[in-house]
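Chains, contacts and geometry: an overview
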Amino acid sequence: MEDVVVKGSDVVVKLPAQSCGFSTTIDGGYRCGLRYVIMHHVSRYFIDPYDEAYEALRNFNVNKEEALVFLTALEPSKSLKAIKGSDGELSISIYATVGLSYGYVIEDGVIKVDDGSHRAGTVNILSIVYANVGGQTLLDALRMLIEAKASALAKYYGIMGTVSDAYAVVCPCVGPYEQYSGPSTRLGRLMVKLVYEALKPG
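What this report covers is the structure whose coordinates are included nearby. Treat the numbers as computed from the prediction; the structure is a model and nothing was measured. (Residues numbered from 1 in each chain as written. Predicted model: local features only at pLDDT ≥ 70, side-chain atom pairs only at ≥ 80, totals over all residues. Heavy atoms only, no water.)

The next point concerns the side chain of His 40. Inspection of the secondary structure puts His 40 in strand S3 (residues 29-41). His 40 sits in the buried class, given a relative accessible area of 2%. His 40 has contacts with Asp 10, Glu 52, Glu 55, Ala 56, Asn 59, Val 69, Phe 70, Leu 71, Thr 72 and Pro 76, leaving out every residue within four places of it along the chain. (Helix = DSSP H or I, 4+ residues; strand = E, 2+ residues; numbered from the N terminus. Buried < 20%, exposed > 50% of the residue type's maximum accessible area, 1.4 Å probe, protein only. Contact = heavy atoms within 4.5 Å.)

Here is the structure:
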């Protein structure tokens, strides 16, 4: 399983093996060779997200080819939520920061953004899937994560997300073979359940 290291206000999740995954982080897309995921604290008024990501990599002495970096105005060392669950041999770990600044909804095809400048943070979610999966399965797992996030935030906070949310689903390719990860699969159902738990208030 993964290890978690805290340094100052930042947190790094050390993956148990080289992993592949999809992410919407500043350094995301489809990535392989991942060993670390960094949750990096930034000022609410930072200028350059790439500079912030490189600073996080330097702080942990991590090569950029081996890491994903999440940025948040919340302090991950104080606010990071960790949720784990399993279904048979399949297990998933979720790490999330839940900040609600500039939340938005979509109504009749129009995006409406709240003036959330009085609140800090964004919604960042990392999912580590302990299964043997292919790229299409990982991509569908990311879809399930994002749909579950929007559903949970609508239920608990009345928004669909914030304007700066980021997500990642990574897989160290250990565990049972899972061909699919949509809503009718155990991987999809477990993903949705754990995302809801991670975003629940309190």
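Further remarks concern helix H3 (residues 135-157). With 23 residues, H3 ought to run about 33 Å at 1.5 Å a step, and its terminal C-alpha atoms sit 32 Å apart, in line with that. Along H3, the residues that are buried comprise Thr 137, Leu 138, Ala 141, Leu 142, Met 144, Leu 145, Ala 148, Lys 149, Ala 150, Ala 152 and Leu 153. For H3, the elements touching its buried residues are strand S2 (10-23), strand S7 (103-107), strand S9 (123-130), strand S10 (161-162), strand S11 (166-171) and helix H4 (186-199). Residue Gly 158 follows H3 closely and has a positive phi angle near 75°. (Expected span 1.5 Å × (residues − 1).)

Tallying each qualifying case throughout the model produces 7 salt bridges. Linking Arg 143 and Asp 140 is a salt bridge whose minimum nitrogen-to-oxygen distance equals 3.1 Å. Placement of the pair is Arg 143 and Asp 140 together in helix H3, with a separation of 3 residues, close to one helical turn. Residue classification places Asp 140 among the partly exposed positions, given a relative accessible area of 22%. Note that Lys 149 is salt-bridged to Asp 165, the shortest N-O span being 3.1 Å. Separated by 16 residues along the polypeptide, Lys 149 in helix H3 and Asp 165 in the loop between S10 and S11 bring together distant segments of the chain. (Salt bridge = Lys/Arg side-chain N within 4 Å of Asp/Glu carboxyl O.)

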